[in-house]
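Residues per chain, in single letters:
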Amino acid sequence: MFVGGEFYYEDKWLRSAPTITTDGMYFLAGGQACLLVIGGYLRAQGIRRVLLPSYLCPSILTALERSSLSFDFYRVNEDLSIDLDDLARKAAVHRALYFINYFGFSPSDETLHFFKTMQQDGKLVIEDNAQAGFASQTSGDFVFNSLRKLAPYDGGYLLARHDMQPYIDPHRSRPNRRLPVMREYRRRLPAYLFNNQDDYDELERLFQLSEEYYAADFCVTGDPEERANIERLDWEGIRCTRRENYNFLLELIAPIKEIEPIFPALQDDNQPLGLPVYVNGISRDAVYEELGNAEIGLPIHWEEIRRHPATRGDQLAVQMAGRMLTLVIDQRTSREQLDYLAEQLKRAVGIAKKNI
């Protein structure tokens, strides 16, 4: 049995008509494209530095550097809450502040109030919803998401309080070499997963090539076919399924004392990306490897922190990145697969404990 891995095409979640309203949003190629456009606006306002959370995907830094922006960091606590004292000290000398709704969970009311106060003082706030999809409430001057993290389609929606078209238009000629390659991968993947057909090495080649194109091309323009499919997805059904799976898996892993959920309870209406946990007292990497041997493909958010020159010096962030693992709870995942994931996680923890 397999669990997790990349998304593949399936008609189950597609409806005959749009299920969401995206009026007033700019549809771009993905989260990276949204950041590139936001960066263009910031530069036009004379802003040269952005204040970022210390725990983040280093690809954010690449996108900002592509816009000739530099950055500083404020402290993020082990539970992924923001150290408001540290943020307040550093925000005083920055005009642009950035926060992440980690795994689809919003910051505390106190934190959101702080950012609102900063906006009233004339600062610009960037809200990263890459892991949250279409949140019911947003507060940033710029809010963007990344749909490939939630479904088998490429695209990112940008909501802004300013006219962003002048910062989109210059990028219209950029190619999108990734999309046809990724479409082929998503089309062929089910045959391999369910029927043991197709060629693993060829699928791996397609996936790696798509990632190389994504990193190299910085395509900005969104694809109309991808947009149409994204907007026809049953987003309410996806949200409900993810929440049900989250709570179900939370109960299954509760007896495993080495596994500590970072968010032990869902918020009222959020859509979780996954169930992030810390692996305590044993090697996370050993657990991850054992799960891989059991055909369980889990993401790590974010392994690159431990190597990137701008983040590897932050001891807390590096330590967090070395212990974190994201358990799969998305809409593809059945109860049988969740049972298997919990069983294999318990087994992997046991093996890791023996090797201490």
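Described in the following lines is the structure provided in the data block. (Residues numbered from 1 in each chain as written. Predicted model: local features only at pLDDT ≥ 70, side-chain atom pairs only at ≥ 80, totals over all residues. Heavy atoms only, no water.)

Some details on the overall build of the protein
1) Next: The number of helices and strands found in the protein is 12 helices and 12 strands.
2) Next: Structurally, the protein occupies a C-alpha span of about 55 × 45 × 35 Å along its principal axes.
3) Next: Across the 356 residues that make up the protein, the buried fraction comes to 54%.
4) Next: Summarising the internal contacts of the protein: among those between residues at least 6 apart in sequence, 72% fall at separations of at least 24.
5) Next: Just so you have it, the protein exposes about 15900 Å², and 48% of that area is on carbon and sulfur atoms.
6) Next: Across the protein, the 41 positively charged side chains and the 52 negatively charged ones have centroids separated by 3 Å. (Helix = DSSP H or I, 4+ residues; strand = E, 2+ residues; numbered from the N terminus. Buried < 20%, exposed > 50% of the residue type's maximum accessible area, 1.4 Å probe, protein only. Contact = heavy atoms within 4.5 Å. Areas by Shrake-Rupley, 256 points an atom, 1.4 Å probe, with all protein chains shown as cover. Lys, Arg positive; Asp, Glu negative; His and termini not counted. Charge placed at Lys NZ, Arg CZ, Asp CG, Glu CD.)

Overview of the state of the cysteines
1) Next: Summed over all chains, the structure comprises zero disulfides.
2) Next: With no disulfide of its own, Cys34 lies closest to Cys219 among cysteine sulfurs, the gap being 12 Å.
3) Next: Judged by its relative accessible area of 0%, Cys34 falls in the buried class.
4) Next: By relative accessible area, which is 13% here, Cys219 ends up buried. (Disulfide = S-S within 2.5 Å.)

Describing unusual backbone geometry
1) Next: With an omega dihedral of -10°, the bond running from His301 to Trp302 counts as a cis peptide bond.
2) Next: For Trp302, the location among the structural elements is in the loop between β11 (296-297) and α11 (315-323).
3) Next: Positive phi is not limited to glycine here, since Ser68 has a value of about 60°.
4) Next: Mapped onto the secondary structure, Ser68 falls in the loop between α2 (59-66) and β4 (70-74).
5) Next: With a phi close to 55°, Asn196 is a non-glycine residue in the positive phi region.
6) Next: Within the element layout of this structure, Asn196 appears in the loop between α6 (178-195) and α7 (200-217).

Here we look at the packing of helix α9 (residues 235-253) against helix α12 (residues 335-354)
For any two helices packed against each other, one specifies the inter-axial angle together with the distance between the axes.
1) Next: Between α9 and α12, the shortest axis-to-axis distance is 10 Å and the interhelical angle comes to 30°. Of the possible angle classes, the one that applies to α9 and α12 is roughly parallel. The hand of the α9/α12 crossing is right-handed. Of the residues in α12, those touching α9 at Glu244, Asn245, Phe248, Leu249, Leu252 and Ile253 are Arg335, Leu338, Asp339, Leu341, Ala342 and Leu345.
2) Next: Here the residues of the contact of α9 with α12 are counted per class, giving eight nonpolar, one polar and three charged. (Axes fitted to C-alpha atoms, helices over the stretch in contact; angles between N-to-C directions. Parallel < 35°, antiparallel > 145°, perpendicular 65-115°, else oblique. Left-handed = near helix turned anticlockwise from the far one by under 90°. Nonpolar A, V, L, I, M, F, W, Y, C, P; charged D, E, K, R; others polar.)

Here's the deal with the side chain of Arg332
1) Next: Considering the arrangement of structural elements, one finds Arg332 in the loop between β12 (324-327) and α12.
2) Next: Only 3.2 Å separates the side chain of Arg332 from the backbone oxygen of Gly5, close enough to count as a polar contact.
3) Next: From its side chain, Arg332 meets the backbone oxygen of Glu6 in a polar contact 2.8 Å long.
4) Next: Apart from the residues lying within four places of it in its own chain, the contact partners of Arg332 are Gly4, Gly5, Glu6, Phe7, Tyr8, Glu10 and Gln337. (Polar contact = N/O pair within 3.5 Å; in protein donor to acceptor, adjacent residues only side chain to side chain.)

Comments concerning the nonpolar core
1) Next: Ranked by size, the top nonpolar core spans 106 residues in total, and within it Leu42 and Tyr55 carry the most contacts.
2) Next: Grouped together as the second largest cluster of nonpolar side chains are nine residues, Tyr8, Val181, Leu206 and Phe207 included. (Core = buried A, V, L, I, M, F, W, Y, C linked by side-chain atoms within 4.5 Å.)

Looking at the pairing of strand β6 (residues 124-128)
1) Next: Taken across its five residues, β6 has five buried, putting it largely inside the fold.
2) Next: Here strand β5 (residues 96-100) pairs with β6 via five bridges, running parallel. Across the sheet, residue Ile100 finds its bridge partner in β6, namely Asp128.
3) Next: For the crossover that starts at β5, traverses helix α4 (residues 109-120) and ends in the parallel β6, the hand is right-handed.
4) Next: Bridge count for β6 against strand β7 (residues 142-144) is three bridges, and the pairing is parallel. Residue pairing for β7: Ile126 is matched across the bridge by Phe142. (Pairing = 2+ DSSP bridges. Right-handed = clockwise from strand over helix to strand, strands pointing away.)

Observations concerning helix α8 (residues 224-232)
1) Next: Along α8, the residues classified as buried are Glu226, Asn229, Ile230 and Glu231.
2) Next: Of the surrounding secondary structure, the elements contacted by the buried residues of α8 are β2 (26-28), β8 (156-160), α6 and α9.
3) Next: One side-chain oxygen of the residue at the start of α8 lies 3.0 Å from the amide nitrogen of Glu225, identifying that residue as Asp223.

Quick look at the pairing of strand β3 (residues 49-53)
1) Next: Where burial is concerned, most of β3 is hidden: four out of the five residues are buried.
2) Next: Across five bridges, the pairing between β3 and β4 is parallel. In the strand pairing of β4, Leu52 is matched with Phe73.
3) Next: Where the polypeptide runs from β3 across α2 and back to β4, its parallel neighbour, the crossover connection is right-handed.

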